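One-letter residues, chain by chain:
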Amino acid sequence: RLIFDGYPRNINQVKHLDSLINKYDQKISYVLSLKVDKDVIIKRIIGRQICSKCGLTFNEFFNLPMKKNHLCDIKFLKKRSDDNEKTARNRFETYIKETLPVLDYYQNQNLLYEIDGTNHIHEIYKEICRIIHSLET
């Protein structure tokens, strides 16, 4: 069993994956997609902060670093150079043009399961487990 994270991202990659699946007599059991609206995605990207000392990730909008969840000095919090609004909007446009057709492809094969990606991480995890377990029985 394999899990692909972020692949395939475009229809050409879908075709390549399909050819490998057929060649090795395998199948895709299901495709999971986390649905998050554009504004939340942009805030997740532009608000991201990574501690260069401990590696923890925070967000200026959703998950602020505080003494109870981050022991390092605030000076260690860094932003990636590409975590800006222009890049975030470009990434979203690329997603619409290239990745959304991949989801449509798998939806047409009744393999796509969409999950609310704005829920708390524990709720997302439980939903993924529920989907996987319901398909295994």
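Just above sits the structure.
First, a word on scope: everything that follows refers to the structure included in this document.

1. Concerning the overall build of the protein chain
Helix and strand counts for the protein chain come out as four helices and five strands. Of the regular secondary structure in the protein chain, the N- to C-terminal order runs α-β-α-β-β-β-α-β-α. On the principal axes, the C-alpha backbone points of the protein chain span a range of 50 × 35 × 25 Å. When each of the 137 residues of the protein chain is scored for burial, the buried share is 23%. Excluding contacts between residues fewer than 6 apart, the proportion of contacts in the protein chain whose partners are at least 24 apart in sequence is 56%. Approximately 10,300 Å² of the protein chain is accessible, and the part contributed by carbon and sulfur atoms is 53%.

2. Quick look at the nonpolar core
Core analysis: the biggest nonpolar cluster contains nine residues, these being Val14, Leu17, Ile21, Val31, Val102, Leu103, Tyr106, Leu111 and Leu112. Contributing elements (two or more residues each) for this core: helix H1 (11-23) and helix H3 (85-108). Not counting the four nearest positions on each side in its chain, Val102 is found in contact with Pro8, Arg9, Asn10, Ile11 and Val14.

3. Observations regarding the packing of aromatic side chains
Using the criterion set out here, one finds four aromatic pairs in the structure. Taken together, a centroid distance of 5.7 Å and an interplanar angle of 50° make the contact between Phe4 and Tyr7 tilted. Overall, Phe4 belongs to the partly exposed group, its relative accessible area being 46%. When its relative accessible area of 30% is taken as the criterion, Tyr7 is described as partly exposed.

4. What to know about the pattern of salt bridges
A complete count under the given rule lists ten salt bridges for this structure. Two residues, Arg80 and Asp82, come together in a salt bridge whose shortest N-O distance is 3.1 Å. A residue is classified by how much of its surface remains accessible, and Asp82, at 28% relative accessible area, is partly exposed. Among the salt bridges present, the one from Asp83 reaches Arg80, with a minimum N-O distance of 3.8 Å. Residue classification places Asp83 among the buried residues on the basis of a relative accessible area of 5%. Salt bridges sharing partners connect three or more residues here, namely Arg48, Arg80, Asp82, Asp83 and Arg91.

5. A few points about the packing of helix H2 (residues 38-46) against H3
Running from N to C, H2 and H3 point in directions that differ by 135°, and their axes come no closer than 9 Å. In this view, H2 runs oblique relative to H3, as classed from their interaxial angle. Along this stretch, H2 crosses H3, giving a crossing that reads as right-handed. Residues Lys38, Ile41, Ile42, Ile45 and Ile46 of H2 form the contact with H3, whose own contacting residues are Glu85, Ala88, Arg89, Arg91, Phe92 and Glu93. Grouping the amino acids of the contact of H2 with H3 by side-chain chemistry returns six nonpolar, no polar and five charged.

6. Considering the environment of Glu127
On the secondary structure map, Glu127 appears in helix H4 (residues 121-136). Sequence separation between Glu127 and Ile115 is twelve residues; the distance between their C-alpha atoms is 7.2 Å. A distance of 2.8 Å separates a polar atom in the side chain of Glu127 from a polar atom in the side chain of Arg130.

Conventions we followed
- Residues numbered from 1 in each chain as written.
- Predicted model: local features only at pLDDT ≥ 70, side-chain atom pairs only at ≥ 80, totals over all residues.
- Heavy atoms only, no water.
- Helix = DSSP H or I, 4+ residues; strand = E, 2+ residues; numbered from the N terminus.
- Buried < 20%, exposed > 50% of the residue type's maximum accessible area, 1.4 Å probe, protein only.
- Contact = heavy atoms within 4.5 Å.
- Areas by Shrake-Rupley, 256 points an atom, 1.4 Å probe, with all protein chains shown as cover.
- Core = buried A, V, L, I, M, F, W, Y, C linked by side-chain atoms within 4.5 Å.
- Phe/Tyr/Trp six-rings, centres within 6.5 Å; stacked < 30°, edge-to-face > 60°.
- Salt bridge = Lys/Arg side-chain N within 4 Å of Asp/Glu carboxyl O.
- Axes fitted to C-alpha atoms, helices over the stretch in contact; angles between N-to-C directions.
- Parallel < 35°, antiparallel > 145°, perpendicular 65-115°, else oblique.
- Left-handed = near helix turned anticlockwise from the far one by under 90°.
- Nonpolar A, V, L, I, M, F, W, Y, C, P; charged D, E, K, R; others polar.
- Polar contact = N/O pair within 3.5 Å; in protein donor to acceptor, adjacent residues only side chain to side chain.

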